[in-house]
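Here is what each chain is made of, one letter per residue.
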Amino acid sequence: MILSCGEALIDMLPRRTEGGEDAFAPYPGGAVFNTAIALGRLGAPSGFLSGVSTDLFGQLLTAALAASGVDTAFLVRSARPTTLAFVTLRDGQASYAFYDENTAGRMIRPGDLPTLPETVEALFFGGISLMVEPGGATYQALMEREAGSGRVMMLDPNIRPSFIADEAAYRARIGRMIALSDIVKLSDEDLRWLVGGHGIAAGAEALLAKGPKAVFVTEGAAGAHAFTAAHSIFVPARRVEVADTVGAGDTFNAGVLAALRAAGVLTKAGIAALPEDALRAALSLGTRAAAVTVSRAGANPPWARDLA
C-alpha cells in the first residue's frame, strides 16, 4: 500500500448560478488527498492518513476516498471543522484563500499517529499540511519515525508562499524532509523558490546532493523532467484543452508512484538504481494522467480505464 499523509480539505470552486450570480461549490480536495484518490483510481493500493472532521464536509471527504478505493482506516477523526480553500481562476490557473484555523487536519498531533502495518510499502508527504502547526510537525515526525523502516519516502512540498507564516522554520522543515526522502517532486516554480533561479537541471542536481535518489520536476504545459545520478529525462506534456489546473501536480505524483510500483522498483534499493525505462514510464503515466485532470473542472483524476 502507498500511504498518502497530509491534508484533506474542501475546495470551494467558483461557479455561476442560473440567475447569473457568482457562487462557490464544494468539492473534496487537498493536494495529498488528491494524490491518494488518484492512486486508488489508477489501481494502486492506496491509503490516506490525515485528520478528518466528523462534520458534513468531513463525511463528504470520507465518502470520496471510499468511492475511489482508498483505505480510510488511517483517518484521525475529530469534531473540529474541515479546512476550506476558496479557489479563484485566472486563465485556468488556480489561486487559493485558505480557512484553516483549529481544523481537524491542522490540529493532528504526534500522539494521534498510528502504528503502520507491514502492508505499507511507501509514504507520500506534502502540501499545505507541512506549512502549519501542529500538523506540519506531526508529519515531519512521522517521516522521521519511518525513515529507518525500509519504506520508500516521497515528498512534494507543493509550496504556497502566501500560506507560510514562518519562512525560516518552513525551509528548515522541508530541508530535513528532502534529506530523508527517496523521491522528491516539485513544480518548476517550487524549485525556484527552494534553490533559486539556476535552471531546472542545476536545481535538481542541488536537491540530489542533499540525499534523494530521484527528483521529478513538472514544467506546466511543457512537460516533466526526471533526474537521478545516472539519468536526465524529459517527457513533453500531452496537448489538451485546459479546464483548470486544480489537482494536476497531485495526479502526476500518483502516476509516478503507480508506475514505479508496477515496474517493481518501489523499494529503497529500486529507487537508488532506477533504470531509464522505469523513469520514462513514470514520467509518461504521470503526464498522461495529469493531462486528463487538467481537461476536467476541479481535481478529478482519471481512472485507469480512462488512460487505456
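Details of the structure are given in the entry above.
Residues numbered from 1 in each chain as written. Predicted model: local features only at pLDDT ≥ 70, side-chain atom pairs only at ≥ 80, totals over all residues. Heavy atoms only, no water.

Colleague: Please provide a residue-by-residue account of the overall build of the chain, values included.
Modeller: Counting its secondary structure elements, the chain contains nine helices and 15 strands. Oriented by its inertia axes, the alpha-carbon framework of the chain measures out at about 55 × 45 × 40 Å. Residue pairs at least 24 apart in sequence account for 70% of intrachain contacts in the chain once pairs closer than 6 positions are excluded. With an accessible surface of roughly 12600 Å², the chain has 52% of that area assigned to carbon and sulfur atoms. In the chain, the 26 positive side-chain charges and the 31 negative ones have mean positions that sit 3 Å from each other. (Helix = DSSP H or I, 4+ residues; strand = E, 2+ residues; numbered from the N terminus. Contact = heavy atoms within 4.5 Å. Areas by Shrake-Rupley, 256 points an atom, 1.4 Å probe, with all protein chains shown as cover. Lys, Arg positive; Asp, Glu negative; His and termini not counted. Charge placed at Lys NZ, Arg CZ, Asp CG, Glu CD.)

Colleague: Describe in detail helix α1 (residues 31–41), supporting the description with residues and values.
Modeller: Within α1, eleven of the eleven residues are buried, which leaves the element mostly enclosed by the surrounding structure. Every buried residue of α1 is accounted for by Ala31, Val32, Phe33, Asn34, Thr35, Ala36, Ile37, Ala38, Leu39, Gly40 and Arg41. Looking one or two residues past α1, Gly43 carries a phi angle of roughly 95°, positive in sign. (Buried < 20%, exposed > 50% of the residue type's maximum accessible area, 1.4 Å probe, protein only.)

Colleague: I'd like a rundown of the packing of helix α3 (residues 135–146) against helix α4 (residues 167–180), residues and numbers included.
Modeller: Running from N to C, α3 and α4 cross one another at 20°; their axes reach a closest spacing of 10 Å. With respect to α4, the axis of α3 lies roughly parallel. Of the two possible hands of crossing, α3 and α4 adopt the one that is left-handed. Contacts from Gly136, Ala137, Tyr139, Gln140, Met143 and Glu144 of α3 reach α4 at Arg173, Arg176, Met177 and Leu180. Residue classes in the contact of α3 with α4 are distributed as five nonpolar, two polar and three charged. (Axes fitted to C-alpha atoms, helices over the stretch in contact; angles between N-to-C directions. Parallel < 35°, antiparallel > 145°, perpendicular 65-115°, else oblique. Left-handed = near helix turned anticlockwise from the far one by under 90°. Nonpolar A, V, L, I, M, F, W, Y, C, P; charged D, E, K, R; others polar.)

Colleague: How would you explain the pattern of salt bridges if you had to name every residue and give the values?
Modeller: Overall, the coordinates contain 14 salt bridges when judged by the stated rule. A salt bridge links Arg173 to Glu133; the shortest N-O distance between them is 2.8 Å. With a gap of 40 residues between them, Arg173 in helix α4 and Glu133 in the loop between β10 (122–126) and α3 connect regions that are remote in the sequence. Judged by its relative accessible area of 9%, Arg173 is buried. The class of Glu133 is partly exposed, set by a relative accessible area of 41%. Glu146 is paired through a salt bridge with Arg145; the nearest N and O atoms lie 2.8 Å apart. Under the relative-accessibility criterion, Glu146 is labelled buried at 6%. Salt bridges here are not isolated pairs; linked through shared partners, they connect Asp100, Glu101 and Arg106. (Salt bridge = Lys/Arg side-chain N within 4 Å of Asp/Glu carboxyl O.)

Colleague: How would you sum up the sheet that holds strand β11 (residues 152–156)? Please name residues and give values.
Modeller: Strands sit in the order β6-β4-β1-β10-β11-β12-β13-β14-β15 across an open sheet of nine strands; the sheet is mixed. With one partner strand each, in any of the chains shown, β6 (70–71) and β15 (232–236) form the two edges of the open sheet. Sitting on the sheet, helix α5 (residues 188–195) touches β11, β12 (183–187) and β13 (214–218), and the angle it makes with β12 is about 105°. (Pairing = 2+ DSSP bridges.)

Colleague: Please set out the packing of α1 against helix α7 (residues 248–262) residue by residue, giving values where relevant.
Modeller: Running from amino to carboxyl end, α1 crosses α7 at an angle of 45°, the nearest separation of the two axes being 8 Å. One finds that α1 runs oblique with respect to α7. Two packed elements cross with a definite hand, and for α1 against α7 that hand is right-handed. Within the contact between the two elements, α1 uses Ala31, Asn34, Thr35, Ala38 and Leu39 and α7 uses Asp250, Thr251, Asn253, Ala254, Leu257 and Ala258. Its residues assigned to classes, the contact of α1 with α7 shows six nonpolar, four polar and one charged.

Colleague: So what's going on with the pairing of β10? Residues and values would help.
Modeller: Extensive coverage of β10 is indicated by the burial of five of its five residues. Bridging between strand β1 (residues 2–5) and β10 involves four bridges; their strand directions are parallel. Among the inter-strand pairings, Cys5 is bridged to a residue of β10, identified as Phe125. Pairing between β10 and β11: five bridges, direction parallel. Bridged to Ala122 within β11 is Val152. Following the backbone out of β10, through α3 and into the adjacent parallel β11, one traces a crossover that is right-handed. (Right-handed = clockwise from strand over helix to strand, strands pointing away.)

Colleague: Pulling in residues and values, what's your account of the nonpolar core?
Modeller: Counting residues in each nonpolar core, the largest one holds 50 residues, and the members touching the most others are Phe48, Phe216, Leu260, Leu266, Ile271, Leu274 and Leu283. With eight residues, the top contributor of residues to this core is helix α9 (residues 276–294). Residues contacting Ile271, with those up to four places away along its chain left out, are Val152, Asp182, Ile183, Lys213, Ala214, Leu260, Val265 and Leu266. One finds Tyr139, Leu155, Met177 and Ala204 within the second-largest nonpolar core, a separate group that totals 43 residues. (Core = buried A, V, L, I, M, F, W, Y, C linked by side-chain atoms within 4.5 Å.)

Colleague: Which residues make up the side chain of Ser4, and what are the values?
Modeller: With respect to the secondary-structure elements, Ser4 resides in strand β1. Taking the relative accessible area as the measure of exposure, Ser4 reaches 0% and is therefore buried. Residues in contact with Ser4, not counting those within four places in the same chain, are Val32, Thr35, Ala36, Leu39, Gly47, Phe48, Leu49 and Phe124.

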